[in-house]
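Here are the chains, one letter per residue:
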Amino acid sequence: MKWSFRLFTLAGTEVRVHFTFLLLLLFVASQSFFSGQGIPAALESTLFVTTMFTCVVLHEFGHVLAARGYGIRTPDITLLPIGGVARLERMPRKPSQELVVAICGPLVNVIIAAVIWLGFGMNAVFHPGYDFLQSGNFFQKLMVWNVFMVVFNLIPAFPMDGGRVLRAVFAMFMEYGTATRRAASIGQGIAMMVAIYMLLNHTFQPMLLLICFFIFMAAGQEAASVTQQEATRNLRVSDAMLTDFHTLPPDATLRDGVELLLAGTQQDFPVLDSHGGMQGMLTRHDLISALAEKGPGQPVVDVMRPCPASTQPASELTQALESLSAGDCPAIPVLDPIDGKLIGLLTTENIGEALMVRAALMKLRS
Ligand SMILES: [Zn+2]
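Scope of this entry: the structure provided in the associated data block. (Residues numbered from 1 in each chain as written. Predicted model: local features only at pLDDT ≥ 70, side-chain atom pairs only at ≥ 80, totals over all residues. Heavy atoms only, no water.)

Looking at the layout of surface pockets
Put simply, the second largest pocket is a space of about 290 Å³. Residue lining of the second largest pocket: 14 residues in total, with Leu242, Thr265, Gln266, Gln267 and Asn350 positioned closest to the centre. At the level of secondary structure, the elements contributing two or more residues to the lining of the second largest pocket comprise strand S8 (342–347) and helix H11 (348–365). For the lining of the second largest pocket, the residue count by class is three nonpolar, seven polar and four charged. (1 Å grid on protein atoms, 1.4 Å probe; cavity = no way out; pocket = protein on both sides within 12 Å on 5 of 7 lines; lining within 4 Å. Points joined across faces, edges and corners; volume = space filled by probe spheres on them. Helix = DSSP H or I, 4+ residues; strand = E, 2+ residues; numbered from the N terminus. Nonpolar A, V, L, I, M, F, W, Y, C, P; charged D, E, K, R; others polar.)

Here's what the structure looks like:
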């Protein structure tokens, strides 16, 4: 994640902080300071917010350690003003394992709240308008915060832990993709109901509406990405790659690129060195904007962008698709595993076509 820096590394997981999180601390401190309570209040509320987020980190470590038990590593956790994001290598596909990994986060908050309760015997007075920045008993507020985290995270909607719990439970009785789509629709339904309730009752809360919108989008994304994974499963790069394509030599100019662009339907052109090795990619977008700035005589090597990711014909399509959407190159070169020569291009359009063909053939068979 850009704009974040490392705090510390614990058990092989890097804990990072996004710089907007520091803005949040600054905001909280200045709000307490200017409300007329001076420096002690500013320090107290900053300390409290820091402790709140320590609980968030501990929550994430609950997930991380549970996943570790199944051999899944977590390279990093990033703290954002909206919470923590643990980047697990992958989610376990076994429903019972996903259930455990999802539950171990909120479980940490249950334990923290229980320890405070046992130690201090306080009653949590939780209500939706609770103000954590109001001065009050530090530990009581911390207990309320942990109870809130349990309730919030167990809302059965992606990307909350509750959404994963729901998917895992469904997946015990049905196929993984169907379980995900069903869990996602339930999450979207909840988000929509809350938003409609707010609008009908004129209890408009911008923050809550934003969360509803965020949940709605995230649930749709989760369902779409799993559907895509299902669709590309068992497919190889060679099943979907473009094999009839044009390339540009290193001494080509933008004029040559324009000629190729207009002659066919190909949009992005690999630039090869004199030995046929991949040098970079001239994309349609870069070609057009450079043409307006520098003219048709400009060499393509000055305009092309490097494409560090490459793949091989026998690689899994799901994996290649991931690096295609992660990078900023619209096409991934497919290289021969023996001599490293360019033998194909992988583009989203071509993958789309391969999937349409596959769907048609499956229809024919059934
Ligand atoms: Zn969680």
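A short note on the nonpolar core
Counting residues in each nonpolar core, the largest one holds 27 residues, and the members touching the most others are Met52, Phe53 and Trp145. In terms of residue count, the dominant contributor to this core is helix H1 (residues 19–69) (twelve residues). (Core = buried A, V, L, I, M, F, W, Y, C linked by side-chain atoms within 4.5 Å. Buried < 20%, exposed > 50% of the residue type's maximum accessible area, 1.4 Å probe, protein only.)

A closer look at the packing of aromatic side chains
What the rule picks out here adds up to six aromatic pairs. Judged by centre distance (5.3 Å) and plane angle (90 degrees), the ring pair of phenylalanine 48 and phenylalanine 138 falls under edge-to-face. With phenylalanine 48 in helix H1 and phenylalanine 138 in helix H3 (residues 138–153), this pair connects stretches of sequence that are 90 residues apart. Consider the rings of tryptophan 145 and phenylalanine 148, whose centres lie 5.6 Å apart with planes at 25 degrees: the pair is stacked. (Phe/Tyr/Trp six-rings, centres within 6.5 Å; stacked < 30°, edge-to-face > 60°.)

Some thoughts on the coordination of the zinc ion
Protein coordination at the zinc ion comes from His59 (NE2), His63 (NE2), Asp161 (OD) and Asp161 (OD), with a distance range of 2.0 to 2.6 Å. If you look at the zinc ion, its four donor atoms make angles of 55 to 151 degrees with each other, and the shape they trace is irregular. One chain supplies every donor to the zinc ion, and in sequence these donors are spaced H-x3-H-x97-D. Residue histidine 59 is found in helix H1, and its partner aspartate 161 is found in helix H4 (residues 161–171); the two are separated by 102 residues along the sequence. Overall, the relative accessible area of 7% leaves aspartate 161 in the buried class. (Donors = N, O, S within 2.8 Å, 3.2 Å for Na, K, Ca; no water. Tetrahedral: all angles 85-135°; square planar, octahedral: opposite > 155°, others 65-115°.)

Comments concerning a nonpolar patch on the surface
A cluster of nonpolar residues, Trp3, Phe5, Leu7, Phe8, Leu10, Phe19, Leu22, Leu23 and Leu26, forms a patch on the protein surface that exposes about 910 Å² of accessible area. Of all elements in the fold, only strand S1 (4–10) and H1 reach the threshold of two or more residues within the nonpolar patch. (Patch = residues over 30% accessible without salt bridge, like charges linked within 9 Å, V, L, I, M, F, W, Y side chains within 5 Å. Areas by Shrake-Rupley, 256 points an atom, 1.4 Å probe, with all protein chains shown as cover. Salt bridge = Lys/Arg side-chain N within 4 Å of Asp/Glu carboxyl O.)

Notes on the sheet that holds strand S4 (residues 83–87)
Strand order in this open sheet of four strands is S1-S2-S3-S4, and the pairing throughout is mixed. Of all the strands in the sheet, the pair left with one neighbour each is S1 and S4. Ignoring which end each strand starts from, the neighbouring axes of this sheet average 25 degrees apart. Relative to strand S2 (residues 13–18), S1 runs antiparallel, the two sharing six bridges. Paired with leucine 10 across the strands is threonine 13, a residue of S2. (Pairing = 2+ DSSP bridges. Axes fitted to C-alpha atoms, helices over the stretch in contact; angles between N-to-C directions.)

A look at helix H9 (residues 284–294)
Along H9, the residues classified as buried are Asp286, Leu287 and Ala290. In an axial view of H9, the angular spread of the buried residues amounts to 100 degrees, which keeps them on one side of the axis. Exposed residues on H9 whose side chains face more than 90 degrees from its buried face are His285 and Ala292. Two residues or fewer past H9, glycine 295 is found with a positive phi of approximately 90 degrees. (Arc of directions from axis to C-beta.)

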